[in-house]
Amino acid sequence: MDKEHPARRVGLLSQKYASERNREAWLGLFADDAIVEDPVGVSPLDPVGKGQNGKAAIAAFYDTYIGPGRVSFHFPRSYACANECAFIGRVFNDLGDEAGESSSEGVFVYKVNEEGKLLSMRAFWEWERPSLDEDIHPPVGR
């Protein structure tokens, strides 16, 4: 596995900085015109479903959902192709006594530009079903 693939490297740094609550380092990973979709589409975190566009919106996302919590990541697998890397696993976030702990299982895709800055971070997980305790699709073929 090429840990130095640009998108994998930035994805791992994003996870590290978020878990360390290093706001400035985390925001520094993003291009000025980046987008964060976490999760992709309409959700209580993004009622319009257009994502957090640009550094100011991404900073507000951090301040609302990452900074106040204790975020950790368990991504045992990743797949790097072209200028993107998909991490497969689970994100945990403990937002304290009132909000409690949450976890989301899914596919988290990081895309970088030629300079190695994040163009997009897209999280594919289901708001209504953030964890899958069992397979939901039967095997196909063979």
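Whatever comes next refers back to the structure up there.
Fair warning: this is a prediction, and the values are worked out from it, not measured in the lab.

1. Concerning the side chain of Ser78
Residue position: Ser78 is located in strand β3 (residues 70-81). Judged by relative accessible area, which is 14%, Ser78 ranks as buried. Looking at Ser78, its side chain comes within polar contact range of the side chain of Arg8, at 2.8 Å.

2. Let's talk about the state of the cysteines
Evaluation of the coordinates by the stated rule reveals zero disulfides. The thiol of Cys81 is unpaired, and the distance to the nearest cysteine sulfur, on Cys85, comes to 8.1 Å.

3. Observations regarding unusual backbone geometry
Note on backbone geometry: most residues besides glycine have negative phi, and most peptide bonds are trans. Asp38 connects to Pro39 through a cis peptide bond whose omega is -5°. Positionally, Pro39 belongs in the loop between β1 (30-37) and β2 (52-53). For Arg21, which is not a glycine, the phi torsion comes out positive at approximately 60°. Within the secondary structure, Arg21 sits in the loop between α1 (6-19) and α2 (23-28). Residue class for Arg21 comes out partly exposed when judged on its relative accessible area of 40%. Even without being glycine, Ala82 reaches a positive phi, approximately 50°.

4. Regarding the nonpolar core
Ranked by size, the top nonpolar core spans 28 residues in total, and within it Trp26, Phe30, Ile58, Ile66, Phe108, Tyr110 and Leu118 carry the most contacts. Sorting the residues of this core by element identifies α1, α2, β1, α3 (54-66), β3, β4 (84-94), β5 (101-112) and β6 (118-124) as the ones contributing at least two each. Here this core gets five residues from one element, more than from any other, and that element is α3. For Tyr110, the residues in contact, after removing those within four places along its chain, are Ala7, Gly11, Ser14, Gln15, Phe75, Asn83, Glu84, Cys85, Phe87, Leu118, Ser120 and Met121.

5. A look at the pairing of β3
Summarising the sheet, β3 and β4 pair through 10 bridges and their orientation is antiparallel. Bridge assignment links Cys81 to a residue of β4, and that residue is Glu84. Connecting the antiparallel pair β3 and β4 is a turn made up of two residues, with Ala82 showing a positive phi of about 50°.

6. Re the sheet that holds β2
The strands making up a sheet are joined through hydrogen bonds of the backbone, oriented either antiparallel or parallel. Read across the sheet, six strands follow the order β2-β1-β6-β5-β4-β3 without closing on themselves; strand pairing throughout is mixed. The open sheet terminates on both sides in strands that have one partner only, identified here as β2 and β3. Relative to β5, β4 runs antiparallel, the two being bridged by 11 bridges. Bridge pairing in β5 places Ile88 opposite Val107. Each of β3, β4, β5 and β6 touches α1; the most contacted strand, β3, lies at about 175° to it.

Rules used in this analysis
Residues numbered from 1 in each chain as written. Predicted model: local features only at pLDDT ≥ 70, side-chain atom pairs only at ≥ 80, totals over all residues. Heavy atoms only, no water. Helix = DSSP H or I, 4+ residues; strand = E, 2+ residues; numbered from the N terminus. Buried < 20%, exposed > 50% of the residue type's maximum accessible area, 1.4 Å probe, protein only. Polar contact = N/O pair within 3.5 Å; in protein donor to acceptor, adjacent residues only side chain to side chain. Disulfide = S-S within 2.5 Å. Core = buried A, V, L, I, M, F, W, Y, C linked by side-chain atoms within 4.5 Å. Contact = heavy atoms within 4.5 Å. Pairing = 2+ DSSP bridges. Axes fitted to C-alpha atoms, helices over the stretch in contact; angles between N-to-C directions.

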